[in-house]
Every structure is written in C-alpha cells, then in structure tokens.
Amino acid sequence: MDMAIGARPTSKLTPKPILLSSSNFESVKRSSTNGPSWLKRQFLGGPLSIKMDSKILSTPLRNSVKCSVSEAATEKKIQLVRRDGIRNIAIVAHVDHGKTTLVDAMLRQSKVFRDNQFVQERIMDSNDLERERGITILSKNTSITYKDTKINIIDTPGHSDFGGEVERILNMVEGVLLVVDSVEGPMPQTRFVLKKALEFGHSVIVVINKIDRPSARPDFVINSTFELFIELNATDEQCDFQVIYASGLKGQAGLSPENLSDDLGPLFETVVRCIPGPQIAKDGSLQMLATNIEYDEHKGRIAIGRLHAGMLRKGMDVRICTSEEQCRFGRVSELFAYEKFFRVPTELVEAGDICAVCGIDDIQIGETIADKATGRPLPSIKVEEPTVRMAFSINVSPFVGREGKYVTSRNLRDRLYRELERNLAMKVEDGETSDTFIVSGRGTLHITILIENMRREGYEFMVGPPKVINKTVNDKLLEPFEIAIVEVPEEYVGAVVELLGRRRGHMIDMQGTGLEGTTFMKYKIPTRGLLGLRNSILTVTRGTAVLNTIFDQYGSWAGDISTRDLGSLVAFDDGTSTSYALASSQDRGQMFIGPGVDVYKGQIIGIHQRPGDLSLNVCKKKAATNIRSNKEQTVVLDSPMEYSLDDCIEYIQEDELVEVTPLSIRMCKNPKMTKKSR
C-alpha cells in the first residue's frame, strides 16, 4: 500500500510529496535524526501527517530523515551485492570553494603522514601548473582508512573548463561530497557537478565549508542548495541530503555551525553512514572500466578505474574491449591499489575497489578490462561536446627555432593527437593546410592549459584567436550561450552592466549580498561575448570583479559583437628596439616591449590608442653627427605592459596570432591574411 507524507511548510520552499511503500515505512520511521536544517525548519512546529488506509498517524519529521540513496540506482543493481568495507567518493565543488584544502585535512587526520613529516599545502595539486595558478586541473586519487573502512577519495577540478574530468570520474564512485562556500553559496560549477552526480544516481553529502568566515550565512546557503536540487529534478531521497558544517583550513567539522568538533570525525562518520558501499557482482566475470590514464617512464601506460565485477590478479590474461565489442588480448604485468597517499603493489584486487593496472600498452580511456573467456564491455564514458576551437600551426616567424626543440608539423601533430588519449573533452582535427590543426575544447582556459604544457615541453608553434563552435538546426544558426555570475563592488555596477550589454548579455538576476557593498549579477551571454571579457571587466572595476561562467545551452544567433575597440601597434622592421625610438612611440599608445628587445616586421608591440593598426619603427637610432650638443637628453620611458598567455589569447583578433615558444610569448599579424588584404 502507498502512503502520502505532507505538512504545512513555514517558508517559500515547498518540498515535493514523498511516496513511501508500507514495506519501507518502518525503516524510514527508525532512521537517523541528523538531517538538513532546511528540512527541520520547513516543518518546525507542525507534526508530519501520514495517511494509510484512512488512518492518520502523527510523527515528527525528524524521525523520518534519512541519508539519500537513489532508488533508481538500487533497482538497476538489484541483483548485485554490496561490499561494506569500502566507500568510493568524489569531492566536487566550484573553483576556490576549498576541495583540495579539505582533502589535505582529511589526509592529515587519518595519519597518512608522520607527525614530524613536512607536508606542503594543497598536497593533491602536484602539478607545477596547478600550484602556479592555484587551481586543480587533473583529478587525483588517494585513500584513507577510518574504523576499518577504506575510503577512496578522488579530488576533482573546480573550473567549468575541466568538466570532462569530473564527468568521467563520477563513473568510479557511489557518492559525492558537494563542497559549498558558506558565503557565496552554489555557483555555476556547483550546478554542473551536482547535475552530473544526480544523473548518475549518486548519494550527495553537502559540506558547508569555510564556516569560520565572519560573513558566513549557512541558512541562506542551505536554502539555495535545496532550491538547486529542486531545479535539477532530484528525487525526494536525494533532496533529503545530509549537511555537514566544516572548516577545511582548521580541520574541523560538525552537524551544526555553532558546535564544531575538534576534528573531522563527524564528516568521516557521515561518509561511512550515508554513502553506500559499492554494489558488485563478486562471482561475475571480470569487468573494469579504464577511467583515467597515467604514464610512467618505467611501467608505461597505467590504467586507473574501479573494478565492477570479479577479481583481478597480477599476471592475469585479460580481454580489452571497446564499446563496439571489438576486443584484443593482454596481460596484467603489475597491479596497484591505493593506500593512503601512495600506490602500493598488490597481488589481488576485489570488485568495488579502485586500482591501477600496468602492462597494457595501448589501452585507452573508456575501454573495459574484462575476463579473457566471457568478458563483455561496460558502457563507454560520454562527455559533453566542446564549445570553443582554436587553430594551431607551425611557427613561421623569423625567430623560429631559436628557443624551441620541437618545431615541425609532424612534432605538433603527434603531440596534439597524443593529448586526445587522456583528455576526452578535447577534439583535434586537421586544418585547411598540412601544417594547421583545429583544437576544440570546453573553453579558452581548457585549451590554454594545453598550450602552456606544450610550451614547457619544448614545443614552438602559433595559435589563432578562439572561435565559438556554432550549430545549424532546421536551417537556423545556433551559438553557445553561457551563464555568467559577476561579483562586483556596488560603485562599479553601472560600468559592468554597460560592458555586458555591449556584448549581448541579458541580465537574469541582480542582488546585493550586504557584504562590504558587494553585488551579484547573473547574466545569460553568448560565448562570443565572453572572449576577451575578463581583462575588460577587471579594467573597468580596477581589478575588484570576480567573474564565473559555465555553459548553458545553444540558442539563436545574438548578432554581431565587437570585442575590441582599439587597434594594435605593429613593428615596421626587423631589429632591436631602442630607447630613442620608444620615447616617441609611447605617445601612440601602451607598449608591450622595452628597449633592447629583438623584434621583427609584423610583430605586435603595443595597443594603439585609436581604432585601426599603426606601424612604428621602434628600432630607429639617434643620428650620430660631429656636432656637439650641450647635453644629452634624458629619456623617460613608461613601464611596458606584461601580458600573460591567457591575456594574449584574449587580446588577439581574427587577423592576429600568438607565437608560443618555451621562453617567450609574442603576438604578430597573420602573414597569410596580410598578403590577402594587399
């Protein structure tokens, strides 16, 4: 028999009715008292009425709160058994909401490191580029042990451009820790990662992080998070999420913001209680989906993934299957499991655990390691399509080969196609000529990280301006739109509104937070309008604005957008810049170079103060005569503007290129387009 649970809420939020069958009613009645505070507030003071066969039962709601486990996922795996000694979780959040810092505290309190061992901050961000930029780019695996339960933890990127990493990692876990800032609340990437987790049917624990901030507002954050669950069509069980309040920096957690424990014990207890163990077919044939790929100079390619069924042994002969059931055979030469912060060799891995496999040199992400005799492939990993593309080509400047080790089109082609083996969200296509390649990604940052990595590896090449990927549906041109959230001081709101309006942005919401006069503005804007926006918005707000964006959907073409009003200053001839020439040139605009810098004809050396390009001779020297002057003139030069790789890519337009070498980043006019214009 079915029962309907209802009550009169005391706020604007209206939870969905929860349907319970008589078989699970008693279990709900006896479940835990620790539930989200929004749910307690909704029914505060009113009893919960449960109707069953015309009989009315009254029970307080706090007795019916339970941790969320998706019914859909349970029904799909009804014939599987649950392994209780393991928990597989991913930590997901918006960028800078404290995921990696929280993982640091979890590792320290689990005695992964010695008491006297020096451990640097953000230990999971092991990549040099991650440490320089302060963001997580690649997902990382680790594990801890809490009261005889092994917890496999996967730290994921927070930036929307690396959403492909998050999408495939969710194949390996049964639950997620959704980390939300106690002041900002749910942000664009929070929505993206939560949507993906709910689609997989995962259990969700909401961690309100940075609760020790003076301006923390946990009630607002929880209500906003609940509204987000409702918007994403979460089930009633998923909406009944457990809330933990934490300070990752201090290593404290608790069930209420006023009563934090001295450690993260409440968080560990909640993970063990609310995240289900992996459901496995222990006696079934071997199945493991390769979710991540690493490379070691001695061991070769290392496939990382969760064992879905069966057992995997060292030295075992296996079948490697693709989604089309095209299979080949291989042997597992080495097998590793994750213990604490390290990979340790093991002879046997049972279903439900996360492991690393060596010996299969040609394995790709999305392929299945299966039983040699009866193995069948698992569903392959699907990620969303890219929205931005850029053209990569060989370096054709006069300075080619001065600094780079790999300069030919064959080197460039091999490196780009090798990137596809690990980066599923990226696509590479051959361009119009043999030395040009089109690289498509989730955003400019996604492709910029690839450019920076190639530059550090010794590659020398050129890249064109980013362009959006349009679609044509029913003879109608569609372009990608993104949701942009701008956090800006109140005095600069007018300038930001004007700037976004010129770029075809449509305001969806604007609200003042009351925190130091900060205003949040939410816009729907074409991806074209975001190209070059970050520098412009920092200029008009004097560096105080915070911009966050995420892909929304494809919509009708918004019209022409002008992203740059000023032209460029272009070098007139080859040579070395002089103070004498720069003194007169700097009156024409802002310079990118100082004296004593080698330049070539067509190189962009500054920003013109008016529309249109202007050619300048910055190599001109003072004429040497036999007439003595009374004194030498003192030349005062302005400091040149320093543009990073990201800034250069945002700056260039259709007829311009960025020259990337291991030691230098230059901009120049596209010689092919210059010849056409003549």
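Residues numbered from 1 in each chain as written. Predicted model: local features only at pLDDT ≥ 70, side-chain atom pairs only at ≥ 80, totals over all residues. Heavy atoms only, no water.

An unreviewed UniProt entry annotates the protein chain as Elongation factor TypA-like svr3, chloroplastic originating from Salvia divinorum.

Looking now at the pairing of strand β10 (residues 203–209). With seven of seven residues buried, β10 is to be regarded as a mostly interior element. Burial along β10 is two-sided: S203, I205, V207 and N209 and V204, V206 and I208, pointing in opposite directions, are all buried. In this sheet, β10 lies alongside strand β9 (residues 175–181) in parallel orientation, the contact comprising seven bridges. Bridge assignment links V180 to a residue of β10, and that residue is I208. Tracing the backbone out of β9, into helix α7 (residues 188–199) and back to the parallel element β10 gives a crossover that is right-handed. Note: β10 against strand β11 (residues 242–247), four bridges, orientation parallel. Looking at the pairing, I205 lines up with Q242 of β11. (Buried < 20%, exposed > 50% of the residue type's maximum accessible area, 1.4 Å probe, protein only. Helix = DSSP H or I, 4+ residues; strand = E, 2+ residues; numbered from the N terminus. Pairing = 2+ DSSP bridges. Right-handed = clockwise from strand over helix to strand, strands pointing away.)

What follows deals with the side chain of S143. Tracing the chain through its elements places S143 in strand β7 (residues 140–146). Side-chain polar atoms of S143 contact the backbone oxygen of Y338, separated by 2.8 Å. (Polar contact = N/O pair within 3.5 Å; in protein donor to acceptor, adjacent residues only side chain to side chain.)

Let us look at the packing of helix α11 (residues 409–419) against helix α12 (residues 444–456). Two packed helices can be described by the angle between their axes and the distance between those axes. Interaxial distance between α11 and α12 falls to 12 Å at its minimum, and their mutual angle equals 130°. Relative to α12, α11 is oriented oblique. When the axes of α11 and α12 are compared, the crossing they make is right-handed. Residues L412, R415, L416 and E419 of α11 lie in contact with α12, whose contacting residues are L450, N453 and M454. For the contact of α11 with α12, the per-class residue count stands at four nonpolar, one polar and two charged. (Axes fitted to C-alpha atoms, helices over the stretch in contact; angles between N-to-C directions. Parallel < 35°, antiparallel > 145°, perpendicular 65-115°, else oblique. Left-handed = near helix turned anticlockwise from the far one by under 90°. Contact = heavy atoms within 4.5 Å. Nonpolar A, V, L, I, M, F, W, Y, C, P; charged D, E, K, R; others polar.)

Here we have seven strands laid out as an open sheet, ordered β7-β8-β6-β9-β10-β11-β12, and mixed in their pairing. One side of each edge strand has no neighbouring strand; the edge strands of this open sheet are β7 and β12 (252–254). This sheet shows a mean twist of 30° between the axes of neighbouring strands, independent of strand direction. Where strand β6 (residues 86–93) lies against β9, five bridges are found, and the strand directions are parallel.

As a further point, take the pairing of β6. A large share of β6 lies buried, amounting to eight of its eight residues. By the alternation rule, side chains of β6 split into I86, N88, A90 and V92 and R87, I89, I91 and A93, which are all buried.

So, on to helix α4 (residues 99–109). For α4, a buried count of eight out of 11 residues is recorded, marking the element as mostly surrounded by other parts of the structure. Taken together, the buried positions of α4 are K99, T100, L102, V103, D104, A105, M106 and L107. Packing partners of the buried residues in α4 comprise β6, β7, β8 (149–155), β9, β10 and α10 (265–274).

Looking now at the nonpolar core. In terms of nonpolar packing, the biggest core is built from 40 residues, with L178, L194, V204, V206, I208 and F229 touching the most fellow members. Leave out the neighbours within four places in its chain, and L178 touches V92, T190, V193, L194, V204, I205, V206, V207, T225 and F229. With 36 residues, the next largest nonpolar core counts M390, V439, L582 and I607 among its residues. (Core = buried A, V, L, I, M, F, W, Y, C linked by side-chain atoms within 4.5 Å.)

For the protein chain, the average pLDDT comes to 79, and 81% of its residues sit at 70 or higher. Of all helices and strands in the protein chain, the one with the weakest mean pLDDT is strand β4 (residues 55–59) (35), whereas strand β28 (residues 461–463) scores best (94). Here residues 1–66 is modelled with pLDDT under 50, and outside its nearest four sequence neighbours on either side it reaches 114 contacts, counting other chains as well. For residues 68–78, every residue scores under 50 in pLDDT, and the model assigns this stretch 18 contacts once sequence neighbours within four places are set aside. (pLDDT = per-residue confidence, 0-100.)

Among the surface-exposed residues, V497, M507 and M510 lie close enough to one another that they form a single nonpolar patch of about 230 Å² accessible area. Its location among the elements puts M510 in strand β32 (residues 506–512). Overall, M510 belongs to the partly exposed group, its relative accessible area being 43%. (Patch = residues over 30% accessible without salt bridge, like charges linked within 9 Å, V, L, I, M, F, W, Y side chains within 5 Å. Areas by Shrake-Rupley, 256 points an atom, 1.4 Å probe, with all protein chains shown as cover. Salt bridge = Lys/Arg side-chain N within 4 Å of Asp/Glu carboxyl O.)

What follows concerns the environment of F220. Position of F220 among the secondary structure elements: in helix α8 (residues 218–231). Classification of F220 as partly exposed rests on a relative accessible area of 31%. Sequence separation of F220 and V183 is 37 residues, and the distance between their C-alpha atoms is 8.6 Å.

A separate point is the pattern of salt bridges. For the coordinates displayed, the defined rule picks out 29 salt bridges. E419 serves as the salt-bridge partner of R415, at 3.0 Å between the closest nitrogen and oxygen. Highlighted residues: R415 and E419, both in helix α11, separated by four residues, approximately one helical turn. Across the pair, E419 and R415 agree in class, each one buried. A salt bridge links D613 to K669, with the shortest nitrogen-to-oxygen separation between them at 2.6 Å. Of the two residues, D613 sits in the loop between β39 (603–608) and β40 (614–616) while K669 sits in strand β42 (residues 665–669), which places them 56 residues apart along the sequence. For D613, a relative accessible area of 41% gives the class partly exposed. Judged by its relative accessible area of 13%, K669 falls in the buried class. Through salt bridges with shared partners, a single ionic network connects D613, D655, E656 and K669.

On to unusual backbone geometry. Not every positive phi belongs to a glycine, and N233 is a case in point at roughly 60°. Secondary-structure assignment places N233 in the loop between α8 and α9 (236–239). Within the chain, D475 stands out as a residue other than glycine whose phi angle is a positive 60°. Look at D475 and you get exposed, because its relative accessible area is 81%.

Before going further, it helps to examine the side chain of N670. Here N670 is to be found in the loop between β42 and α18 (671–677). There is a polar contact of 3.1 Å between the side chain of N670 and the backbone nitrogen of K672. Those residues in contact with N670, other than ones at most four positions away along the chain, are D655, E656 and L657.

With that settled, consider the packing of aromatic side chains. Applying the stated criterion to the full structure yields nine aromatic pairs. Judged by centre distance (5.9 Å) and plane angle (85°), the rings of F592 and Y651 are edge-to-face. You can see F592 sitting in the loop between β37 (589–591) and β38 (598–599) and its partner Y651 sitting in helix α17 (residues 645–651), a full 59 residues away along the chain. Assessed through its relative accessible area of 15%, F592 is described here as buried. For Y651, a relative accessible area of 8% translates into the label buried. One aromatic cluster in this structure is built from F592, Y643 and Y651. Taking NZ or CZ as reference, K471 lies 4.5 Å from the ring centre of Y554, over its face. (Phe/Tyr/Trp six-rings, centres within 6.5 Å; stacked < 30°, edge-to-face > 60°. Lys NZ or Arg CZ within 6 Å of the ring centre and 35° of its normal.)

We now examine the packing of helix α13 (residues 493–502) against helix α15 (residues 533–540). One way to put it is that α13 packs onto α15 with a least axis distance of 9 Å and a crossing angle of 155°. When the axis of α13 is compared with that of α15, the two are roughly antiparallel. Handedness of the α13/α15 crossing: right-handed. Each of A495, V496, L499 and L500 in α13 lies in contact with α15, whose residues at this interface are L533, S536, I537 and V540. For the contact of α13 with α15, the residue count by class is seven nonpolar, one polar and no charged.

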